[in-house]
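Listed below are the residues making up each chain.
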Amino acid sequence: MGEADMREAEGHSGSTSHSNGFSSSPSARILTLAILFQMAQTYGPVFSLYMAETHMVFVNGFSSVKEVLVTKGTQFAGRPIVPVIDYITNMKGIILTHYGQEWKEQRKFALSVLRNLGLGKRSMEERILEEATYLIQAFKENASVPFDPYDVLDSAVTNIISTLVFGKRFEYEDGSFRNILELIHQGAKLIISPWSMLFNTVPFVRRLPLPHQMIFKRAEKLFAFYAREVEEHKATHVCGQPRDFIDRYLEEMRKPENKGLGFEDSTLLVAVSDLFVAGSETTARTLQWALLYMVAFPEIQEKCQKEIDTFLGENTCLKYEDREKLPFTNAVIHEIQRFSNVLPLGVVHAPIKDVQFHGYTIPKGTMVFTNLVSVHHDKTQWKYPCEFNPSNFLNDEGDFLKPEAFMPFSAGPRMCLGENLARMELFLFFTSILRSFQVFWPDQSKAPDLTPNFGLTQFPNHFKVALKCRQQT
Ligand code: HEM
């Protein structure tokens, strides 16, 4: 926003709505949700601040966030240029691509592959259920002593993306798989590190041999791994018989009508990376929170298990459509998502041209963050905004209902394209775990710590759980 526009904004809101201690030193003060909430209290639902030269607008509360994502969804459907990401992806792929024809085509294609989840002969539901058996087996192997469930959850969830994209799963102990998981996690951390911010804001440091080069080294390794998979697919793919996302993409690349729509090798690699980045940690963190809430609220766990036992019995094979029979369990899964806010600020948006919003002029390309936590705690929208309570998703008769303010997957034209897959995974993995185990907090000397760590994703501190088998599966 230019100076004139900022003055206009301040004049309108009657407040000094930017900077406040973030002016020149990005690492001097860490932006936390608590600070964002405080600022929203002081400055209202829309305020902005500067991180060095970067101008950021924050939008808070259900009605304003909905206005950005839905009512003015197309006007805000762009992505800003983030130099560190631009350097890696060249703004290709799906997640951080600018709004335009190429993004629309890439998104439409990825959605069609996801919708058509029955790639090959087996449906995605069958694949998730098969992966659930490996997950349960891995839990059983760890059941003798308290263990940290995160790696197993992460492996199971990443295997679903791998099945979709590469057509194969990996053993949880496979060294190359663990390497890939590690590279994805480190990448997510480094992207929001002070070194990355320095790269984004101070152009002359970009070529210097400083720690930000680690980000690019790791990205190179990941992309080399994806490229090997693509080459293997090129060598073995039979035209007309696609096995997975890569095969389908290779077929799209050959279609003359797709010329100029970005269907090329470099975009394929970024699209593959996007699916892994977007689809693994988000879902794995949600399941990690799920187990933490279940040990923190054993009475809720028990109520889910009673419902599952009553309506599914011991021998019935679990299906995704069973969520209709399990309103309480379904409500618990939604409450876990509402309360854990794994992507607290969603993914950054940007206006595709200058836009008027709440009396401000927000210039094209400005970073706009939608505070999804503020939506999920909006007192005007929830029965119990600040407590973990599945009744937020139940009516007086105990039927499941989903308030409009539930938006962990965001909303509007840019909303998560993996929502259906993620919801299927959450239900099938969560229900399989609770069917098979009673999950406890092993340490009687202290209570579970539900404090989130705030970053690109919100996650709990590592914790261990104890398991007791409930039935033979
Ligand atoms: C619990 C799991 C998940 C959560 C909470 C989640 C949440 C989100 C959110 C908040 C966004 C940002 C939307 C916006 O810009 O307003 C997003 C975008 C996206 N998600 Fe997810 N997601 C999850 C799982 C997945 C999965 C499993 C996949 C892929 C298979 C996926 C693929 C994507 C992609 C490609 C985008 C970018 C869409 C675009 O820019 O057009 N996500 N997700």
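Above this note sits the structure.
Predicted model only: the values in this text are computed from it and were never measured.

Undergrad: Explain the environment of Trp 382 here, please?
TA: As for its placement among the helices and strands, Trp 382 is situated in the loop between helix H16 (372–376) and helix H17 (419–436). Classification of Trp 382 as buried rests on a relative accessible area of 5%. Trp 382 has contacts with Arg 338, Val 375, His 376, His 377, Asn 392, Phe 393, Pro 403, Ala 405 and Phe 406, leaving out every residue within four places of it along the chain. A distance of 3.0 Å separates the side chain of Trp 382 from the backbone oxygen of Val 375, its partner in a polar contact.

Undergrad: It is not clear to me how helix H15 (residues 327–340) should be interpreted in this structure. Could you clarify?
TA: Since the α-helix packs 3.6 residues into each turn, any two residues three or four apart lie on the same face. Taking 1.5 Å of rise per residue, 14 residues should cover 20 Å, and H15 covers 20 Å from first to last C-alpha, within 8% of that figure. Most of H15 sits out of view: 13 of its 14 residues are buried. In the segment just after H15, Asn 341 is the residue with positive phi, at about 45 degrees.

Undergrad: How should the site of the ligand be read in this particular structure?
TA: In the region of the ligand, 28 residues are neighbours, and Arg 79, Arg 107, His 349, Ser 410 and Cys 416 sit closest. Residue Ile 94 places a main-chain N or O atom 3.5 Å away from an oxygen atom belonging to the ligand. A distance of 3.0 Å separates an oxygen atom of the ligand from a polar side-chain atom of Trp 103. Mapped by element, the contributors of at least two residues to the shell around the ligand are helix H5 (101–115), helix H12 (265–279), helix H13 (281–296) and H17.

Undergrad: Is there a simple way to think about the packing of aromatic side chains in this case?
TA: Aromatic ring pairs are reported here in terms of the distance separating the ring centres and the angle at which the planes meet. Under the definition given, this model contains 31 aromatic pairs. Aromatic side chains Phe 170 and Phe 177 sit 4.9 Å apart centroid to centroid with 5 degrees between the ring planes, which places their arrangement in the stacked category. Residue classification places Phe 170 among the buried residues on the basis of a relative accessible area of 9%. The class for Phe 177 is buried, based on a relative accessible area of 2%. By way of ring pairs, the aromatic residues Phe 166, Phe 170, Phe 177, Phe 223, Phe 225, Tyr 226 and Phe 276 are connected into one cluster. Here Arg 169 stacks its cationic end above the ring of Tyr 134, 3.6 Å away from the centre of that ring.

Conventions used here
- Residues numbered from 1 in each chain as written.
- Predicted model: local features only at pLDDT ≥ 70, side-chain atom pairs only at ≥ 80, totals over all residues.
- Heavy atoms only, no water.
- Helix = DSSP H or I, 4+ residues; strand = E, 2+ residues; numbered from the N terminus.
- Buried < 20%, exposed > 50% of the residue type's maximum accessible area, 1.4 Å probe, protein only.
- Contact = heavy atoms within 4.5 Å.
- Polar contact = N/O pair within 3.5 Å; in protein donor to acceptor, adjacent residues only side chain to side chain.
- Expected span 1.5 Å × (residues − 1).
- Near = heavy atom within 4 Å.
- Phe/Tyr/Trp six-rings, centres within 6.5 Å; stacked < 30°, edge-to-face > 60°.
- Lys NZ or Arg CZ within 6 Å of the ring centre and 35° of its normal.

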